[in-house]
Amino acid sequence: MWAAAAELDKELDVSVNLAPATPLAKLTVGQSARVREIRMPSATHGHGEQLVLRLLEIGFVPEEVIRVMAVGPGGSEPLAVRVGGTMFALRRHEAEHVLVDVLDPNS
Amino acid sequence: MTAATSTVDAPRRVALLGNPNCGKTALFNLLTGSRQKVANYAGVTVERKEGRVLSPAGHSYRVLDLPGAYSLNADSADEAVTRDVLLGRLEDEDRPELLVCVTDATNLRLNLRLVLEVRQLGIPMVLALNMSDLAARRGIKVDTEKLSKLLGVPVVNTVGVQRNGAEALLATLDQMDLAALAERAPAWETPSLEDVTRTHRRVRRILAEVLDAPDTDSRYDEKIDRVIMHPVFGLLILAVVLLLMFQAVFSWAAVPMGVIEAGTGWLGEWVSGLMSDGPLRSLLVDGIIAGVGSVLIFLPQIVILFAFILALEDSGYLPRAAFLLDRFMGKVGLSGRSFIPLLSSFACAIPGIMATRVISNSRDRLTTIMIAPLMTCSARLPVYALLIGAFIPQQTVAGLFNLQGLVLFGLYVFGIVSAMFVAWVMQRLGGSLAHHPLMMELPTWRLPNLRNLLLGLYERVKIFMRRVGGIILAMMIVLWALSTYPAAPIGATGPAIDYSYAGMIGHFIQPLFAPLGFSWEICVALVPGMAAREVAVGALATVYAVSGGADEAAELGSLVAQQWSLATALALMVWYVFAPQCLPTLAVIKRETQTWRYPLLAAGYLFGMAWFAAMVTYQLAVALGAG
């Protein structure tokens, strides 16, 4: 899994993914995905760049593989997401900044 | 201190820095043992922990345990302190001469990013791969030599929960050259999104070279989490855990509480026997010993509750409980992060309010502080016990529940529901019910470490005892004076307290409490009861001139059962759900919010709700024939 890391810089520039990205909040429990990008918050949220920066800092960076481990009672939030060996609880409005490509469980 | 003046003998200032949950505090405890000083950073209410350690080679160190942080780009009061200490921006706080970056060796991915960020500050540092025993057991191999070369800093393995787990760290610290740091200015600016992404890429590249880890390090955790965080089973387990916890608090504490009660009684009698009757004896026995004893008696319950809370926190359960309850808390505009402070408040609102420091959103934190006094703390129990015992018959409801127990449970629920209502109103007025941050780490499951548990308990007990010794003692003396002077005139027929200032205040405020069905005796007891809720029971005994002794409570119970109506008793119970009759709580709100505004606001709204709810209760009960 780490072996590909050195190639990352080159890869990021050339790979163009045409399929539409999925917001992290749309994933179901047990689904894995690869982070495509972190979207800047829309103005109405008011927590601005700080939230996006923190998401990046805790590991939601492009190309990282993440997995939804659990969803809170009620079935919509919070989401427990494993990223880079750590599990974080995120609310829906936090998770929606993370855009991912869903990974096929068989691949 | 400059490099030139620092000698071998002067203690070196070392700071421990790391992500939350990296085992940093365990390592700090291991290094410094009980030689710790816990205080606050100047001007902010973030806990400052410092301890001393002497290395085997004879160097002495002053070790500062910085608050856990994910980044220098601070998101909470705690993280801001860590940043400011490192940048030398905090007054009265020297920049550390040496940094120990503590990382969780099982989770270097997340931890190394902070290390790379901090390394830019130019403070000499050592990288500690903590929990290296756990990493080894999971088959995670780190090439420390290579890592050290890539980072340009010494790398050592540490085990925070093992007796000699910090030996290598101390040996490395001894070899660090301090002359190099001199007065290099800290250079740091808020990183851009690109900077963060770039740092992550560097972490990945470094780890690709030094890390050999199996891909399945989370297999045990996943199995546990599938049950614990299950929407249905998870909540059921949480309910059982909380039930067991409260059960333990009440049943296990009974014996030590009896001992403390007997002990203060014995001490009072012993002092009484030594001294002749007079104001000094009265002050010592009735004021100080009885007063402080009445608060000290809650120590066992507080210790037991905190033992549970600390163990659950250490194991990783509490963040998961917060996860489960997040949506429920979200309905009133709070987040799961408020759960742990509110849970602590069931023992005592004081540590609960102090625990709100982990809430990064300042508005959420304030709301949590304001509703913490509504959680039924153990100080209310003597009052509830007296009233329930006297007025609620021992009978079985629905063939299963004890009516007295149900009433007590109802009072707990009433407090919680009211707290949720107040939170909802506060967050509404603040204009935001949506988009409150949660973003909380759910750390890996761990066995709680006994040594850390005991140190944590010791700290809580020390805080509580300091309050008892300080503010509570002072207030007991004031209230004793109010209840004793002026003395009853010769030939007086009523109880002495009736003639005192407390008695006068009680009579004066009685018309205000008439719609609540409170007699003047109750009003008089409420005055000394301002210091702490449970004092009201002793004050009632004084008002009714019940002779002291072992049967005091039972005797008082039968007496009030004759004198008061059921409506009055119910109204008084409801009064105690709300009334902020605890000056230490108000004092701690002042300290945590740094302004008088919020303790005054809390006192105002709580008294208002207490009066209104008790009035409605009394009038309803009278209308239903319980007058």
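Rules and cut-offs
Residues numbered from 1 in each chain as written. Chains lettered and ligands numbered in written order. Predicted model: local features only at pLDDT ≥ 70, side-chain atom pairs only at ≥ 80, totals over all residues. Helix = DSSP H or I, 4+ residues; strand = E, 2+ residues; numbered from the N terminus. Rg over C-alpha atoms; globule rule 2.2 N^0.38 Å. Buried ≥ 20, exposed ≤ 12 C-beta atoms within 10 Å, placed from the backbone. Contact = placed C-beta atoms within 7 Å. Pairing = 2+ DSSP bridges. Expected span 1.5 Å × (residues − 1). Nonpolar A, V, L, I, M, F, W, Y, C, P; charged D, E, K, R; others polar. Axes fitted to C-alpha atoms, helices over the stretch in contact; angles between N-to-C directions. Left-handed = near helix turned anticlockwise from the far one by under 90°. pLDDT = per-residue confidence, 0-100. Core = buried A, V, L, I, M, F, W, Y, C linked by C-beta atoms within 7 Å. Parallel < 35°, antiparallel > 145°, perpendicular 65-115°, else oblique.

**Side note on the overall build of chain B**
Secondary structure assignment for chain B yields 25 helices and twelve strands. In terms of overall dimensions, chain B is globule-like: its C-alpha atoms have a radius of gyration of 28 Å, near the 25 Å expected for 627 residues. With the C-alpha coordinates of chain B rotated into their principal frame, the extents come out at 90 × 55 × 45 Å. Out of the 627 residues belonging to chain B, those deemed buried represent 46%.

**Details of the overall build of chain A**
The secondary structure content of chain A amounts to three helices and six strands. Its helices and strands in sequence order give chain A the pattern α-β-β-α-β-β-β-α-β, from N to C terminus. Residue pairs at least 24 apart in sequence account for 64% of intrachain contacts in chain A once pairs closer than 6 positions are excluded.

**Describing the pairing of strand S5 (residues 86-90) of chain A**
Taking burial as the measure, the five residues of S5(A) include five buried ones, the bulk of the element. Covered by surrounding structure in S5(A) are Thr86(A), Phe88(A) and Leu90(A) together with Met87(A) and Ala89(A), the residues of both alternating faces. Relative to S5(A), strand S4 (residues 79-83) of chain A runs antiparallel, the two sharing five bridges. Paired with Val83(A) across the two strands is Thr86(A), which belongs to S5(A). Hairpin connection, S4(A) to S5(A): the antiparallel pair is bridged by two residues, and Gly84(A) has positive phi, about 50°. Note that S5(A) and strand S12 (residues 440-442) of chain B share three bridges and pair antiparallel. From the neighbouring strand, Ala89(A) faces S12(B), where its bridge partner is Met440(B).

**Quick notes on unusual backbone geometry**
Positive phi outside glycine occurs at Glu63(A), with the angle close to 85°. Among the secondary structure elements, Glu63(A) is positioned in the loop between helix H2 (48-57) and strand S3 (65-71). For Asn21(B), which is not glycine, the phi dihedral falls at a positive 70°. Residue position: Asn21(B) is located in the loop between strand S1 (12-18) and helix H1 (24-32). Note on Asn21(B): 20 C-beta atoms within 10 Å, which makes it buried.

**Quick notes on helix H17 (residues 403-429) of chain B**
Residue and element names in this part refer to chain B. Across its 27 residues, H17 extends 38 Å between first and last C-alpha, which sits within 8% of the 39 Å expected from 1.5 Å per residue. The complete set of buried residues in H17 reads Leu408, Gly415, Ala419, Val422, Ala423, Met426 and Gln427. Summarising the contacts, the buried residues of H17 are in contact with helix H15 (362-371), helix H16 (381-391) and helix H23 (566-578).

**Looking at the interface of chain B and chain A**
Every contact between the two is made by 36 residues of chain B and, on the other side, 38 residues of chain A. Contributions of two or more residues to the side of chain B that touches chain A are made by helix H3 (108-119), helix H7 (193-210), helix H12 (317-330) and S12 of chain B. By residue number, the principal contributor to the side of chain B that touches chain A is H7(B), which donates nine residues. Here the residues of the side of chain B that touches chain A are counted per class, giving 17 nonpolar, seven polar and twelve charged.

**Some points on the packing of H15(B) against H17(B)**
Residue and element names in this part refer to chain B. Running from N to C, H15 and H17 point in directions that differ by 145°, and their axes come no closer than 10 Å. The way H15 lies across H17 gives a crossing that is right-handed. For the pair H15 and H17, contact is made by Thr367, Met370 and Ile371 and by Ala419, Val422, Ala423, Met426 and Gln427, respectively. Among the residues making up the contact of H15 with H17, the classes are represented as six nonpolar, two polar and no charged.

**Side note on the environment of Gly263(B)**
Residue and element names in this part refer to chain B. Here glycine 263 lies in helix H9 (residues 233-274). On the basis of neighbour count, glycine 263 is assigned to the partly exposed category, with 14 C-beta atoms found within 10 Å. With 30 residues separating them along the chain, glycine 263 and glycine 293 place their C-alpha atoms 8.7 Å apart.

**Here we look at the sheet that holds S12(B)**
Spatially, the seven strands line up as an open sheet ordered S1(A)-S6(A)-S2(A)-S3(A)-S4(A)-S5(A)-S12(B), and their pairing is antiparallel. Across the chains shown, the open sheet's two edge strands, defined by having one partner strand only, are strand S1 (22-23) of chain A together with S12 of chain B. Those strands touched by H12(B) are S4 and S5 of chain A together with S12 of chain B, and its axis lies near 125° from that of S12(B).

**Describing the confidence of the model for chain A**
Residues and elements named next belong to chain A. Here chain A averages 77 in pLDDT, and 73% of its residues register 70 or above. Here residues 1-6 is modelled with pLDDT under 50, and outside its nearest four sequence neighbours on either side it reaches eleven contacts, counting other chains as well. This stretch, residues 8-14, has a pLDDT under 50; its non-local contacts, to residues over four places away or in other chains, come to five contacts.

**Some thoughts on the confidence of the model for chain B**
Interpretation of this model should avoid reading the predicted coordinates in detail wherever pLDDT is low. Residue and element names in this part refer to chain B. Here chain B averages 82 in pLDDT, and 91% of its residues register 70 or above. Within chain B, strand S2 (residues 36-40) has the poorest average pLDDT of any element, 70, and helix H25 (residues 597-623) the best, 93. Note on residues 1-7: pLDDT is under 50 here. Beyond four places in sequence and across chains, it has eight contacts. Scoring of the predicted complex yields 0.79 for pTM and 0.81 for ipTM.

**Concerning the nonpolar core**
In this structure, Val81(A) and Val100(B) are the most contacted members of the largest nonpolar core, which totals 201 residues. The greatest single-element share of this core, amounting to eleven residues, is contributed by H23(B). Beyond its immediate chain neighbours, meaning those up to four positions away, Val81(A) contacts Leu24(A), Ile66(A), Val68(A), Met69(A), Met87(A), Phe88(A) and Leu90(A).

**Considering the packing of helix H5 (residues 144-151) of chain B against H7(B)**
Residues and elements named next belong to chain B. For the pair H5 and H7, interaxial distance at closest approach is 9 Å and the crossing angle is 150°. By the angle between their axes, H5 is roughly antiparallel relative to H7. The handedness of the crossing between H5 and H7 comes out as right-handed. Contact residues: H5 offers Lys146, Leu147 and Leu150, while H7 offers Ile206, Glu209 and Val210. Its residues placed into classes, the contact of H5 with H7 shows four nonpolar, no polar and two charged.

**Examining the environment of Gly84(A)**
Of note, Gly84(A) is situated in the loop between S4 and S5. Exposure remark for Gly84(A): the 20 C-beta atoms within 10 Å place this residue in the buried category. C-alpha of Gly84(A) to C-alpha of Gly59(A): the two residues are 25 residues apart in sequence and 6.5 Å apart in space. Setting aside anything within four residues of it in sequence, one finds Gly84(A) in contact with Gly59(A), Glu64(A), Arg109(B) and Leu110(B).

**Some points on the pairing of strand S5 (residues 98-104) of chain B**
On any regular strand, side chains alternate: one points to one face of the sheet, the next to the other face. Residue and element names in this part refer to chain B. Most of S5 is tucked away, with six of its seven residues classed as buried. In this sheet, S5 lies alongside S1 in parallel orientation, the contact comprising five bridges. The residue bridging valine 14 from the neighbouring strand is leucine 98, located in S5. As defined by bridge partners, S5 adjoins strand S6 (residues 125-130) across six bridges and the pair is classed as parallel.

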